[in-house]
Amino acid sequence: MIIVNDLRPGTTFEYEGNIYSVLDVDRNKTAMRQMIVKVKVKNLRTGVINEISFTGGDKVEQAMIEKKKMQYLYDSGDDLVFMDNETYEQIEMNKDNLKWEMNFLTPNLEVDIIMYESEILGLILPDKVELQLIECEPAVKGDTATNALKNAKCETGLEVRVPLFIENEERILVSTADGKYSSRA
């Protein structure tokens, strides 16, 4: 059990049948009453972010989240297939739960699968991934007065804004946090 006063960003806990990851904690203590602990959390099963209020001294059950390195293999229609590199065991995850992550998944990409008591909750992408451009607008001469960008489409369908010097069929690094261009690969 964890006392809610000790919750920190990154801590995972179980509360009312759900598994949460702490994003932010706000403690409010006045002289007249007990401390109120407001915790901004992400539900690891649904991905919904909300806020839960506790009274200082309340306890929650700690959730031990396991991370396992796996390799993305292919898209099987409704599911995405991943393989454990050590045991060669394959697992499938529903596409509906991985809409954002699908923008960055290319065959053979190494990801961390997060699990709670053998229940698969989701995956953690690397900070940056290498993607190939399949469409790129031509650069317009004279457009370089400022830090000019143009539209480009990656192999996964992700659309990014890239500098004018980037050309079609080039490989680029894209940040998985916000989906923005980082650099050439």
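Presented here is a report on the structure given in the accompanying data block. What you are looking at is a predicted structure, and each value in this text was computed from that prediction instead of being measured. (Residues numbered from 1 in each chain as written. Predicted model: local features only at pLDDT ≥ 70, side-chain atom pairs only at ≥ 80, totals over all residues. Heavy atoms only, no water.)

1. As for the packing of aromatic side chains
So, point 1. For the structure on display, the rule yields five aromatic pairs.
So, point 2. With a centroid separation of 6.3 Å and an interplanar angle of 70°, the aromatic rings of Phe13 and Phe54 are classed as edge-to-face. Taken as a pair, Phe13 in strand S2 (residues 12–15) and Phe54 in strand S5 (residues 49–55) lie far apart in primary sequence, 41 residues in all.
So, point 3. A relative accessible area of 0% places Phe13 in the buried class.
So, point 4. On the accessibility criterion, Phe54 (4% relative accessible area) is buried.
So, point 5. Note on Trp100 and Phe104: the rings are 5.2 Å apart at their centroids and 65° apart in plane angle, and the pair reads as edge-to-face.
So, point 6. Here the aromatic cluster, defined as three or more aromatic residues joined through ring pairs, consists of Phe13, Tyr15, Tyr20 and Phe54. (Phe/Tyr/Trp six-rings, centres within 6.5 Å; stacked < 30°, edge-to-face > 60°. Helix = DSSP H or I, 4+ residues; strand = E, 2+ residues; numbered from the N terminus. Buried < 20%, exposed > 50% of the residue type's maximum accessible area, 1.4 Å probe, protein only.)

2. Some thoughts on the pattern of salt bridges
So, point 1. A complete count under the given rule lists eight salt bridges for this structure.
So, point 2. As a salt-bridge pair, Lys99 and Asp96 come within 3.8 Å of each other at their nearest N and O atoms. Assigned by exposure class, Lys99 and Asp96 land together as exposed.
So, point 3. One salt bridge connects Arg184 with Glu170, and the closest N-O pair in it is separated by 2.9 Å. A residue pair is termed long-range when its members are at least 10 positions apart, and Arg184 in strand S16 (residues 181–184) and Glu170 in the loop between strand S14 (159–163) and strand S15 (171–175) qualify at 14 residues.
So, point 4. Residue classification places Arg184 among the partly exposed positions, given a relative accessible area of 44%.
So, point 5. One network of salt bridges, in which partners are shared, links Glu130, Glu155 and Arg171. (Salt bridge = Lys/Arg side-chain N within 4 Å of Asp/Glu carboxyl O.)

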